[in-house]
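Descriptive structure summary
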Amino acid sequence: MSGVWREQSVPMVDQECAHLALETIGAVVADTSQAQCSVRIGGRTWIMSHTNGRYAIRYNARQAGSRPSWMDGLGEAYARQVQLKQERLARREQLTTLDAEREAIRQERMVMETERKALIETRKATVIKQAKALGYRVKETVQNGEVRLVLVKSG
Amino acid sequence: MKIQIGHTLESSEIYGPGLRSVLWVQGCTLACKGCWNTQYWSSTGGITTSVDEIVEKWASTPELEGITLLGGEPLQQVGPVHALIRGARRMGLSVFLYTGYEPEELSTDMLDCFNMSDIVVTGRYVHELRNTNLRWRGSTNQIVHFPTPRYQALDIEEQHEVEVHLSSEGELSVYGYATDEFLTSIEVKS
């Protein structure tokens, strides 16, 4: 029987949405810079840092029970914040009569899209590089916006 | 008719010939030592869905050659699994069934599912006989059967296969016989 490994949440690429998502699950975000911030929740302080194109909070997965339960709701909260931000930007773009402001909103939406695409490209490149280093042949297919990589190694 | 399922994959290339829709049926009491999918053991986990909905989804998935049922133990929900197999065959899709049972352990209804499938892999996963270089099997005791003529001429080239899916939001999922070394290197496992 073969295995199934799935990430437990959507990777967070937009800092504003990540902070808003954390706040909706009860966290207090402080000491914010582009590279990291501190997150106070459940009586502990965690560091959220920007690595490999996404914001992540590290915990020791090797230690049983170390994954904090509040993390379960974070992915969904983040996805919701991305959706709300996109709706907000679309509404503002519709309502504004100033060309300059409209252009600024368009740019902001473009940045979000660029970050999303960059994350996918980075992660795809990492998978292909690691797979090839381990001796796999790699076949790539794109279907409905999802990338499928089939890795094959003769026995 | 309802079925309890653990996970679905709209299309995959490593669970049988061609492009296949894959369904992990929830619930298994066989509890093989070293099982790769213990998250699908509980009969109350996963989600409840209707067989008709699943079959309709297959109809709207382009370029499918067939479906693959694994788990969990598909034959422990033999009624709905029988209905799924019938639905797939009506659409001309091939059926690949995984079961941890040996052929001689199958009840009449289970045997019906076996006989209607084009490819069946039988037998418990035996951790001591684990071999990730086998195609479609996890341990050397497991046997590939071809109950219908559809794939009887197929030459199974033994190979190690892994499939990585990257969603439009950048979320990674890995299927197949991935090693810890590979999973760690792509940050799916710490």
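Relevant structure appears above.
The next thing to look at is the overall build of chain B. Of the regular secondary structure elements, chain B holds four helices and nine strands. Each helix (α) and strand (β) of chain B, taken in turn from the N terminus, gives the series β-β-β-α-β-α-β-α-β-β-β-β-α. Over its C-alpha trace chain B gives a radius of gyration of 16 Å, about what one expects of a compact globule, namely 16 Å for 190 residues. Within chain B, buried positions represent 41% of all 190 residues. Considering only residue pairs separated by 6 or more positions, chain B has 59% of its internal contacts joining residues 24 or more positions apart.

Now for the environment of A:Asn52. Residue position: A:Asn52 is located in the loop between strand 4 (44–51) and strand 5 (54–57). Residues A:Asn52 and A:Lys117, 65 residues apart in the sequence, show an inter-C-alpha distance of 13 Å.

The next thing to look at is helix 2 (residues 74–95) of chain A. Residue and element names in this part refer to chain A. When the terminal C-alpha atoms of helix 2 are compared, their 31 Å separation across 22 residues agrees well with the 32 Å that a helix rising 1.5 Å per residue should span. Those residues of helix 2 lying buried are Leu74, Ala77, Tyr78, Gln81 and Val82. Buried residues of helix 2, seen end-on, are gathered within an arc of 140° and therefore sit on one face of the element. Summarising the geometry of helix 2, the exposed residues directed more than 90 degrees from the buried face are Gln83, Glu87, Ala90, Arg91 and Gln94. Contacts from the buried residues of helix 2 go to helix 1 (15–24).

A few words on the interface of chain A and chain B. Each partner contributes residues to the interface: chain A has 33 residues there, and chain B has 42 residues. For the side of chain A that touches chain B, the secondary-structure elements that each account for two or more residues are strand 1 (3–6), helix 3 (99–133) and strand 7 (146–154) of chain A. A total of nine residues in the side of chain A that touches chain B trace back to one element, the largest contributor, which is strand 7 of chain A. Alignment of strand 7 of chain A against strand 8 (residues 159–166) of chain B, held across eight bridges, turns out to be antiparallel. Residue pairing for strand 8 of chain B: A:Val152 is matched across the bridge by B:Glu161.

Calculation rules
- Residues numbered from 1 in each chain as written.
- Chains lettered and ligands numbered in written order.
- Predicted model: local features only at pLDDT ≥ 70, side-chain atom pairs only at ≥ 80, totals over all residues.
- Helix = DSSP H or I, 4+ residues; strand = E, 2+ residues; numbered from the N terminus.
- Rg over C-alpha atoms; globule rule 2.2 N^0.38 Å.
- Buried ≥ 20, exposed ≤ 12 C-beta atoms within 10 Å, placed from the backbone.
- Contact = placed C-beta atoms within 7 Å.
- Expected span 1.5 Å × (residues − 1).
- Arc of directions from axis to C-beta.
- Pairing = 2+ DSSP bridges.

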